[in-house]
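Spelled out, the chains give:
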There are 2 protein chains.
Amino acid sequence: MSRPSPHDPHHLAGASSNSPSSRSRASPGVSKDISIDDVAEQAGVSVATVSRVLNGHSNVRAETRERVLAAIETSGYRVNELARNLRTAESRLLLTMVPNFGNPFYADIVRGIDSVARQHGYFMLLCDTGADPGRERSYFEMLRRRRADGAICLDPAAAQQALSEELHTLPWVACCEFDADVGVPYVGIDNYRAAGDAVLHLLSRGHTRIALINSGDGYLYAQQRERGYQDALHNAGIAPDPRWRMHLDSLDYEAGAFAAASLMAQADPPTAIFAVSDTLAIGVIKGLRSVGKRVPDDVAVVGFDDISLAAQIDPPLTTIAQPMRELGETAARQLLKRLANRSANVPGVLLPHRLIVRGSA
Amino acid sequence: MSRPSPHDPHHLAGASSNSPSSRSRASPGVSKDISIDDVAEQAGVSVATVSRVLNGHSNVRAETRERVLAAIETSGYRVNELARNLRTAESRLLLTMVPNFGNPFYADIVRGIDSVARQHGYFMLLCDTGADPGRERSYFEMLRRRRADGAICLDPAAAQQALSEELHTLPWVACCEFDADVGVPYVGIDNYRAAGDAVLHLLSRGHTRIALINSGDGYLYAQQRERGYQDALHNAGIAPDPRWRMHLDSLDYEAGAFAAASLMAQADPPTAIFAVSDTLAIGVIKGLRSVGKRVPDDVAVVGFDDISLAAQIDPPLTTIAQPMRELGETAARQLLKRLANRSANVPGVLLPHRLIVRGSA
DNA sequence: TTGAAAGCGCTAACAG
DNA sequence: CTGTTAGCGCTTTCAA
């Protein structure tokens, strides 16, 4: 998208006008709306011509274009995108649904989406669904009502599936949380292998009593990571104690702290903990400390995601890094591709993760 | 907004239709769009009547209404909001501009805005400006182009002012970061008094060598808190050492850590630090630890905001709490008020802060 | 209680 | 290169 386009947010018709004439026909307080007709009249051309210069068409004589531009400038005209959108049958809005935007994990993903969207002349609407299928549905409904052109959904697969029968025809892609078999384009990482890598690291440090602090079952990634954890342990000839597997319904710091403390209260407590998210892991470290355990000396901790805070805590968190920004960018590009060609076959894509070894394990 | 409204996102015309007839006229892959005309025809009424039932008008005979509803249901019709928006000349979209949505401080504010917006049939578009006046301008431009009806801006006052001449006529309100004299409706807290309260607390703990870690001058709140800090000290008969006042261009953990370390490298280092944001304060604690200082024994730390993480770190952070959720809700209500009545006089409002004493000071 | 008809402001054939 | 014109799909007078 290199040439100036009508959808480029930076292509501001008359935006630099500070002249008082911008409000030439203003009645007290309210500035009267100027339409394309006014501009046409002022420039002595037809609305079609104005529309052409607005949209950067080349078939306008330079001199005419200047005249139109001047009229736009002095009148302070702004395109009415409501009208444009109706006419072109697109809203140029993309939805991004997250279960909880207080979770720092989403920040960079969302930035990635936003940046690609803007590059292509779209705006991104961030929607907090609270992982509630009802809320989620109401956002998908925006697609049907043409308030948005497409969506990227990071909600739990469970919530997605609750709607899936009716959702197949809608233009959206799943991000981070997806069911490869469901036929919706997706982008994410290989959660199974990533969890395995985390366990392998702990194993290589000599741990055998390794606990898993997982989130609830609504998330597919949770199941994938759990299988990765179990298989890695089995492959090492270790039969994991089921008491060491915890399932939490929250990713809050508190939840992690609580889980860690209750793990330590067991008879033969684990010497290492793999938490499926950094927020959880940070809580775990706090919980450990509160019951007098040192990290990593008494208990090693590995997290997941590599949020920016992970490097800041004490001790710095060893974790599996997800390429958040790329995840978002890729998802956005997939969606755009689907929008450009509704029948395009957009495949699922898996991006690489990597283990970041810091102080906690 | 108690009666079903055309703008209630939960008022989903025909949303519960799962019948295959929803795609009755579908060609392979693409489902043909159904318009209000189709519904009218199918129900044997005029489009005007369909429109009336869509909008919950009472002047439709019950039997007719049923017929229309049935037609909507079986056809799987969805209102085209692009058309509706053009006709009613509103987009039902509100913008929220934040300088950096990775900053957890904004999470609850944004939730507050979102919740009030949704209650009133608006959607909220979250915009990350990066505190860049250019980006900010492009979002304000959306108002002029009618893509959004109003905006709430949390950007630095400096960025707002860069645009202020042209922005007076636009429907927006400033939140948290505002210049009361500029004539734009605002909501925030009394930063001057809040900073004073933080200092008073440190004073009451016996500290006299109190440092200030502040953000850059672009933020008005920074100046207000700095004055609060200075005056509180002066009133206690203390002349603060200028070397103890630091100005950072970032609110990152890293920045706080670095500032703390360099403070401690001074000849007569302070025994207490007041950081103007919790993220900074968390970094400060880490920085202190990295140079071998204990908190609060060697150095006391007070933060600002009371983000959820504040209670989780070690030691738990003493801080000034802002009523984030209420700030957002109030800002949204102010904006809505202004939208409902363009000439309404919407005053600025200050919400109460409070000191939360935890372990760090 | 209902319908006919006039646009909302714009884009895109189509014709010149 | 430019203008005329027909809508996009909806809401809303105005009349009946």
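Residues numbered from 1 in each chain as written. Chains lettered and ligands numbered in written order. Predicted model: local features only at pLDDT ≥ 70, side-chain atom pairs only at ≥ 80, totals over all residues. Heavy atoms only, no water.

> Residues and numbers for the overall build of chain A, please.
Within chain A, the regular secondary structure consists of 13 helices and twelve strands. By the compact-globule yardstick of 21 Å for 361 residues, chain A is too spread out, its C-alpha radius of gyration being 26 Å. For chain A, the spread of C-alpha atoms along the three principal axes comes to 85 × 40 × 35 Å. Relative to its full complement of 361 residues, chain A shows a buried share of 57%. Restricting to contacts in chain A with at least 6 residues of sequence separation, those with at least 24 account for 70%. With the model as given, the accessible surface of chain A reaches about 14500 Å², and the carbon-plus-sulfur share is 50%. Side-chain charges in chain A split into 38 positive and 41 negative, and the spacing between the mean points of these groups amounts to 6 Å. (Helix = DSSP H or I, 4+ residues; strand = E, 2+ residues; numbered from the N terminus. Rg over C-alpha atoms; globule rule 2.2 N^0.38 Å. Buried < 20%, exposed > 50% of the residue type's maximum accessible area, 1.4 Å probe, protein only. Contact = heavy atoms within 4.5 Å. Areas by Shrake-Rupley, 256 points an atom, 1.4 Å probe, with all protein chains shown as cover. Lys, Arg positive; Asp, Glu negative; His and termini not counted. Charge placed at Lys NZ, Arg CZ, Asp CG, Glu CD.)

> Report on the protein's contact with DNA strand D, specifying residues and quantitative values.
Inspection of the region around DNA strand D gives 26 residues, with A:Arg52, A:Thr64, B:Ile36, B:Tyr77 and B:Arg87 positioned closest. By atom count, sugar and phosphate contribute 57% of the portion of DNA strand D lying within 4 Å of the protein. A:Arg52 has a polar side-chain atom sitting 2.4 Å from a base oxygen of DNA strand D. Note that a base nitrogen of DNA strand D is positioned 2.9 Å from one of the side-chain N or O atoms of A:Arg87. For the surface near DNA strand D, the secondary structure elements donating two or more residues are helix 2 (47-54) and helix 4 (81-88) of chain A together with helix 2 (47-54) and helix 4 (81-88) of chain B. (Near = heavy atom within 4 Å. Polar contact = N/O pair within 3.5 Å; in protein donor to acceptor, adjacent residues only side chain to side chain.)

> Mind laying out the relation of the copies chain B and chain A, listing which residues take part and the relevant values?
Here chain B sits on chain A after a turn of 180 degrees about the axis and a move of 0.1 Å along it, with an RMSD of 0.1 Å. The transformation just described matches what one would write down for a two-fold rotation axis. Among all residues of chain B, the minimum C-alpha distance to the rotation axis is found for B:Leu125, at 2.4 Å. The share of interface residues of chain B whose copies in chain A are also at the interface is 100%, consistent with both copies meeting through the same surface. (Least-squares fit on C-alpha atoms with pLDDT ≥ 70 in both.)

> Pulling in residues and values, what's your account of the pairing of strand 8 (residues 272-275) of chain A?
All names here are of chain A. Side-chain alternation along strand 8 places Ala 272 and Phe 274 on one buried face and Ile 273 and Ala 275 on a second face that is also buried. Summarising the sheet, strand 8 and strand 9 (residues 300-305) pair through three bridges and their orientation is parallel. Following the sheet pairing, Phe 274 is matched in strand 9 by Val 302. Regarding topology, helix 12 (residues 278-290) serves as the crossover connection from strand 8 to the parallel strand 9, and that connection is right-handed. (Pairing = 2+ DSSP bridges. Right-handed = clockwise from strand over helix to strand, strands pointing away.)

> I'd love a proper account of the protein's contact with DNA strand C, names of residues and values included.
Residues in contact with DNA strand C amount to 24 residues; listed here are only the nearest, A:Ile36, A:Tyr77, A:Arg87, B:Arg52 and B:Thr64. A distance of 2.3 Å separates a phosphate oxygen of DNA strand C from a polar atom in the side chain of A:Tyr77. Within the residue set of the surface near DNA strand C, elements represented by two or more residues are helix 2 and helix 4 of chain A together with helix 2 and helix 4 of chain B. In terms of residues, the surface near DNA strand C owes the most to one element, helix 4 of chain A, which gives four residues. Per-class residue counts for the surface near DNA strand C are nine nonpolar, nine polar and six charged. (Nonpolar A, V, L, I, M, F, W, Y, C, P; charged D, E, K, R; others polar.)

> Go over the interface of chain B and chain A with me, naming the residues and quoting the values.
Contacts between the two partners involve 58 residues from chain B, matched on the other side by 59 residues from chain A. Buried surface at the junction of chain B and chain A, summed over both partners, amounts to about 5500 Å²; 55% is from carbon and sulfur atoms. Together, B:Leu82, B:Arg145 and B:Arg147 form the three largest contributors to the area buried by chain B at its contact with chain A, with a combined 15%. Between the two partners, chain B and chain A, sit 14 salt bridges. On the surface where chain B and chain A come into contact, there are 22 residue pairs in polar contact (both at pLDDT 80 or more). (Buried area = accessible area lost by both parts, 1.4 Å probe. Salt bridge = Lys/Arg side-chain N within 4 Å of Asp/Glu carboxyl O.)

> With reference to specific residues and values, describe the domain arrangement of chain A.
Split by domain assignment, chain A resolves into domain 1 (20-86), domain 2 (91-188 + 324-352) and domain 3 (191-321). Its C-alpha centre places domain 1 of chain A at a distance of 36 Å from the equivalent point of domain 2 of chain A. (Domains from an automatic or database assignment.)

> Before we move on, can you summarise helix 13 (residues 324-340) of chain B with the specific residues and values?
Residues and elements named next belong to chain B. Its 17 residues give helix 13 an end-to-end C-alpha distance of 24 Å, which sits within 8% of 24 Å, the value for a rise of 1.5 Å per residue. Counting buried residues along helix 13, twelve of its 17 residues qualify, which places the element largely inside the surrounding structure. Taken together, the buried positions of helix 13 are occupied by Met 324, Leu 327, Gly 328, Glu 329, Thr 330, Ala 331, Ala 332, Gln 334, Leu 335, Leu 336, Arg 338 and Leu 339. (Expected span 1.5 Å × (residues − 1).)

> Pulling in residues and values, what's your account of the environment of B:Val199?
For B:Val199, the location among the structural elements is in helix 9 (residues 191-204). C-alpha of B:Val199 to C-alpha of B:Ala236: the two residues are 37 residues apart in sequence and 10.0 Å apart in space.

> Account for the sheet that holds strand 4 (residues 172-175) of chain A, with residues named and values stated.
Residues and elements named next belong to chain A. Spatially, six strands are ordered 2-1-3-4-5-11 in an open sheet, and the strand pairing comes out parallel. Two strands lie at the open edges of the sheet, namely strand 2 (123-128) and strand 11 (349-351), each paired on one side alone. Sheet twist, expressed as the average angle between the axes of neighbouring strands with direction ignored, equals 20 degrees. Here strand 1 (residues 93-98) pairs with strand 3 (residues 150-153) via four bridges, running parallel. Along strand 3, the bridge assignment pairs Leu 94 with Gly 150. (Axes fitted to C-alpha atoms, helices over the stretch in contact; angles between N-to-C directions.)

> With reference to specific residues and values, describe helix 5 (residues 105-119) of chain B.
Residues and elements named next belong to chain B. Taken across its 15 residues, helix 5 has twelve buried, putting it largely inside the fold. Within the sequence span of helix 5, burial applies to Phe 105, Tyr 106, Ala 107, Ile 109, Val 110, Gly 112, Ile 113, Asp 114, Ser 115, Val 116, Ala 117 and Arg 118. Gly 121 sits one or two positions beyond helix 5 and adopts a positive phi of about 80 degrees.

> Explain the sheet that holds strand 8 of chain A to me, using residue names and the numbers behind them.
Residue and element names in this part refer to chain A. Read from one edge to the other, the open sheet built from six strands follows the order 7-6-8-9-10-12, with strand pairing classed as mixed. Each having just a single partner strand, strand 7 (245-248) and strand 12 (354-356) make up the two edges of the open sheet. Each adjacent strand pair in this sheet contributes to an overall mean axis angle of 20 degrees, direction not counted. Against the sheet, helix 9 (residues 191-204) touches strand 6 (210-215), strand 8, strand 9, strand 10 (318-321) and strand 12, its axis set at about 160 degrees to strand 9.

> Outline the UniProt feature "domain: HTH lacI-type" (unreviewed entry) in chain A, listing residues and values.
UniProt marks residues 34-88 of chain A with the feature "domain: HTH lacI-type" (unreviewed entry), using the numbering shown here. Its end C-alpha atoms 21 Å apart, residues 34-88 of chain A is made of 69% helix and 0% strand. (UniProt positions renumbered as here; feature names shortened; annotations may be inferred.)

> An account of the pattern of salt bridges is requested, with residue identities and associated values reported.
A full pass over the atoms with the stated rule returns 40 salt bridges over all chains. With its nearest N and O atoms 3.6 Å apart, the salt bridge here joins A:Glu81 to B:Arg147. Residue A:Glu81 is located in helix 4, and its partner B:Arg147 is located in the loop between helix 6 (133-144) and strand 3 (150-153); the two belong to separate chains. Assigned by exposure class, A:Glu81 and B:Arg147 land together as buried. Look at the salt bridges and you will find they share partners, linking A:Arg78, A:Glu81, B:Glu141, B:Arg144, B:Arg145 and B:Arg147 into a network.

> Talk me through the environment of A:Val116; I want residue IDs and the actual numbers.
All names here are of chain A. If you trace the backbone, Val 116 turns up in helix 5 (residues 105-119). On the accessibility criterion, Val 116 (1% relative accessible area) is buried. Apart from residues no more than four positions distant in its own chain, Val 116 is found in contact with Glu 329, Ala 332, Arg 333 and Leu 336.

> Hey, could you go over the packing of aromatic side chains for me, with residue numbers and the actual values?
Taken as a whole and judged by the stated rule, the model has twelve aromatic pairs over all chains. Between A:Tyr139 and B:Phe123 the ring centres are 5.8 Å apart and the planes differ by 55 degrees, which places this aromatic pair in the tilted class. Placement of the pair is A:Tyr139 in helix 6 (residues 133-144) and B:Phe123 in strand 2 (residues 123-128), with the two residues belonging to separate chains. The pair A:Tyr139 / B:Phe123 is uniform in exposure class, with both members buried. (Phe/Tyr/Trp six-rings, centres within 6.5 Å; stacked < 30°, edge-to-face > 60°.)

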